[in-house]
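# Architecture and fold: a report
Spelled out, the chains give:
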Amino acid sequence: MDASAIDAVLQQVQELDSQHEISIIRLSQPISKTFSEDARQRTSDAWNASLDAPTPASLEADLQHYKELFAKLRFSYVEQVTKEKFIRAIVGDPPQIVTPQENADFETRNLEAKAQLKALKLEVADMVAQLDKKGRELSQRYESVQLGTAKLRELPERITELEERVAELRAAQAPGQAPHMNLPMAKTLELLEEKQRKQQELDRELEQLRAKVPRKTKELERLQAELQPLEVKRQNSTTAAKEARRRKEAALGGVEDDLEERGRWLRANEAALKSMLEIQ
C-alpha cells in the first residue's frame, strides 16, 4: 500500500473519530444533568466520584439504584392516590357509591390493563437486552477499530524502515555474486519447488536405507560370527608360520657360521701361499 493512501485512510479515520467520539463520560452526561440536584443532596464520596469519573460499573450501579427508587416512588404514588380517592368517596356530597357490577367491570379492565402492561414490560426488557447486546458488540468493534487505527499509525514508519532495509540489502549484494538471489518470483518458486522435490527424493531414499538397516545389521552379525573362527585360525596359522620361520632361520644360522669360518681359513691360506711363492 502506498504511503499517501495510508495517510489518506488514517486522516479519514481521525476525522470520523473526532466527529463521533464514543466516551462513557459523554454517554453519562444526560444522566448527570438530569439528576444533578439529587447528586448535590448526596454527600457520599463514592457517589461524587462516580459522577466525576463515571465508569460502566458505576453507571450500572446508578441504574440499579434508580430502578429501586422509582419502584418505591411508584408504590408510594399508588398508595397516596388510592387513599385520596377513598377519602373523597367517603366525604363527598353526595357520597360516591360503587356497585358490585362496577367493581367487577373495573376489575376486568384492570386485568386487561395489567396484561398490556406486562406485555409492554416484557417488550421493554427484550429491547433493553438487545440494546445491551448491541452496545457490547459496538464496544468490541470500537476497540478493534481503535487497535487497527493504532496499527495504521505505525504502518508508514514500519514501511519506511522495511524499504530502507531492502535498499541496504540490495546495495550490499554484489551483482552476479548470487544469481539465484536476483531471480523473479516465478523463477524463484520454480527453484523452490525443484529443491523441495529433490529433498523429498532424498527423504524417500533415506527412508529406504533406514528400512534396510536392520537386515544389513543381522547380515553383518552373521558374517562376524562366521569370520570369528577364521580369524582364530588365521592367528594360529600366523603364529605357527612365525615359529617355523624362526626355527628355520636358527638352523640356517649355524651352517652360515661354519661356512664363514672355513672361508676365512681358506683366504688366510691363500694369502700365506702367495706370500711364500711371491705371487702378485
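Residues numbered from 1 in each chain as written. Predicted model: local features only at pLDDT ≥ 70, side-chain atom pairs only at ≥ 80, totals over all residues. Heavy atoms only, no water.

## Some details on the overall build of the protein
Put simply, the rule is: In this description a helix means any DSSP run of H or I spanning at least four residues, a strand means any run of E spanning at least two, and both kinds are numbered starting from the N terminus. Buried residues are those whose accessible area, probed at 1.4 Å on protein chains only, stays under 20% of the maximum for their type, while exposed residues exceed 50% and partly exposed ones sit between those limits. By the convention used here, residues are in contact when the closest approach between their heavy atoms is within 4.5 Å.
Assigned secondary structure in the protein consists of 7 helices and 0 strands. From first element to last, N terminus to C terminus, the protein shows the α and β order α-α-α-α-α-α-α. Per-residue burial over the protein gives 6% buried out of 280 residues. A fraction of 62% describes how many contacts in the protein between residues 6 or more apart in sequence connect residues 24 or more apart.

## A short note on helix H6 (residues 100–172)
Operational definition: What a helix should span is 1.5 Å times the count of its residues minus one. For a residue, the bend is simply the angle between two axes, fitted respectively to the seven-residue segment ending there and the seven-residue segment starting there.
Between its terminal C-alpha atoms H6 stretches 105 Å, which fits the 108 Å expected from 73 residues at 1.5 Å a residue. Taken as a whole, H6 carries its principal kink of about 35° at Leu155; the proline Pro156 stands between one and four residues after it. For H6, the set of buried residues is Thr149, Leu152 and Pro156.

## Notes on a nonpolar patch on the surface
In plain terms, the rule: Only residues whose relative accessible area exceeds 30% and that form no salt bridge are eligible for patches; like-charged ones are grouped when within 9 Å, while nonpolar side chains (Val, Leu, Ile, Met, Phe, Trp, Tyr) are grouped when within 5 Å. Note on areas: Shrake-Rupley with a 1.4 Å probe; residue coverage comes only from the protein chains shown. Each reported salt bridge corresponds to a side-chain nitrogen of Lys or Arg within 4 Å of a carboxyl oxygen of Asp or Glu.
A contiguous nonpolar surface patch, about 430 Å² in accessible area, is contributed by Phe86, Ile87, Ile90 and Val91. Topologically, Ile87 is positioned in helix H5 (residues 56–91).

## Observations concerning the pattern of salt bridges
Any two side chains of opposite charge can pair, on the condition that their charged atoms come close. In this structure the tally under the stated criterion is 8 salt bridges. With a closest N to O distance of 3.6 Å, Glu194 and Lys198 form a salt bridge. In this pair, Glu194 and Lys198 both sit in helix H7 (residues 185–277), 4 residues apart, roughly one turn of the helix. Residue Glu226 pairs with Arg222 through a salt bridge whose shortest N-O separation is 3.1 Å. Of this pair, Glu226 and Arg222 are both found in helix H7, 4 residues apart, which corresponds to roughly one turn of the helix. Among the residues examined, Glu226 registers a relative accessible area of 44% and is labelled partly exposed.

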